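Residues per chain are reported as follows:
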Amino acid sequence: MSDQNTGILPTVSRAFLEDWLQLVRQQCPAQQLAGFLDQIGLVEAAQPGGRVTHDQIVRFYQLIAAETGDEMMGLWSRPIRSGTLKHLCASMRGASSLSAALYRFTSFWNLLLDDYELRLETDEQRMCILLEPRADDKPQRFGHMLMLKLGHGVASWLTGRELPLAEVGFAFERPVFAEDYPVLFPSLIRFGAPRSRIVFSEGLGDLPISRSEMEMQEFLLRAPRDWIFTSFREHALSLRLRELLLEADRLDFHLRDAAQSLNLTPRTLMRRLDAEGTSFQAIKDGLRRDIAIRDLSRGLKSIEEISQDVGFASAANFHRAFRRWTSATPGAYRKSD
């Protein structure tokens, strides 16, 4: 496979976005929301198999935060006004170490949030941020995910590398779009936990903080581009396999080839993928789908060329597979002129 394919970010399901849209609808008039979705190339009527790209998520976040004046987009009972994340980053940037920065992260949010208390627990090995509810309300899935992801994302930026995690737990049951979560967190992910929490791997507390004012401004302008998706591949077997396929010279990489590369037997590989709720074919199809979505969005190749690039003998076969993957035709993903 060519170098241009290296590092293609996975898409997430439309169901993942719908979890977010349920909250946004409470903040935005229907016409305004339709305008936002149109700007990122989506429609309000959800397609069950639809996919959403990294760029679309970033742009949607930026539109909602700018237009509503709430940098947490209505996730909490009071708005998080424009400039809050800048002050958060500035406060954490002045810390002497990562553990001190995470303490500032939790203290900062505890001054603002009525819904939850953020608690930092540390020992000699690990640091853990927990979301402790102040009331008995049902956990807000997207809010919990975004708060934990923000903590991980800002901490990773401050230390200059994406930080490994030991575990992420959520105080809600496994959603139907659970396969999207490994794209966000480099960790084991557990659902149905007593509290939502993020646990950093051992030995990170003393890491130094080194970011300039200019770097902070650039980070905020790009937000959440630099931190919403994980770049780690070793934590989830499905992402490791995706990388193997990307690095291969062909998309006809077989299960036995992958198993050999991972020093596993094919049977063990199948069993471990099944435990993650996926399969080798599903991972391969997901990569083909994401390459196709990228190329259709760029509008530089014909559908026939794309179908050949992702390993289909004919455009008709590609068309059928794409509809099965996304519930839409390939043409629906083309950029408008």
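Residues numbered from 1 in each chain as written. Predicted model: local features only at pLDDT ≥ 70, side-chain atom pairs only at ≥ 80, totals over all residues. Heavy atoms only, no water.

This next bit is on helix α2 (residues 30-39). Looking only at α2, the buried set comprises Leu-33, Phe-36 and Leu-37. The buried side chains of α2 occupy one side of the element, clustering within an arc of 95° when seen end-on. Exposed side of α2, more than 90 degrees from the buried face: Gln-31 and Asp-38 are the residues found there. Residues of α2 that are buried in the fold lie against α1 (14-24) and α3 (54-68). Gly-41 sits one or two positions beyond α2 and adopts a positive phi of about 85°. (Buried < 20%, exposed > 50% of the residue type's maximum accessible area, 1.4 Å probe, protein only. Helix = DSSP H or I, 4+ residues; strand = E, 2+ residues; numbered from the N terminus. Arc of directions from axis to C-beta. Contact = heavy atoms within 4.5 Å.)

This structure, assessed with the given rule, holds 18 aromatic pairs. Here the aromatic rings of Phe-312 and Phe-318 are separated by 5.8 Å at their centres, their planes lie at 55°, and the arrangement is tilted. By relative accessible area, Phe-312 is classed as buried at 15%. The exposure class assigned to Phe-318 is buried, which follows from its relative accessible area of 0%. (Phe/Tyr/Trp six-rings, centres within 6.5 Å; stacked < 30°, edge-to-face > 60°.)

Moving on to the confidence of the model for the chain. Here the chain averages 87 in pLDDT, while 93% of its residues score no lower than 70. No element of the chain has a lower mean pLDDT than helix α8 (residues 237-247), which averages 81, and none a higher one than helix α5 (residues 98-112), which averages 97. Predicted confidence for residues 1-6 stays below pLDDT 50, and this span has 13 contacts to residues more than four positions away or in other chains. (pLDDT = per-residue confidence, 0-100.)

Quick look at the layout of surface pockets now. As a volume, the second largest pocket reaches approximately 870 Å³. What lines the second largest pocket is a set of 39 residues, and nearest its centre among them are Glu-179, Pro-182, Ser-238, Glu-276 and Thr-278. For the lining of the second largest pocket, the elements supplying multiple residues, two or more each, are β6 (189-191), α8, α10 (266-275), α11 (280-298) and α13 (315-326). The element contributing the most residues to the lining of the second largest pocket is α11, with 7 residues. Here the lining of the second largest pocket is built from residues that sort into 16 nonpolar, 10 polar and 13 charged. (1 Å grid on protein atoms, 1.4 Å probe; cavity = no way out; pocket = protein on both sides within 12 Å on 5 of 7 lines; lining within 4 Å. Points joined across faces, edges and corners; volume = space filled by probe spheres on them. Nonpolar A, V, L, I, M, F, W, Y, C, P; charged D, E, K, R; others polar.)

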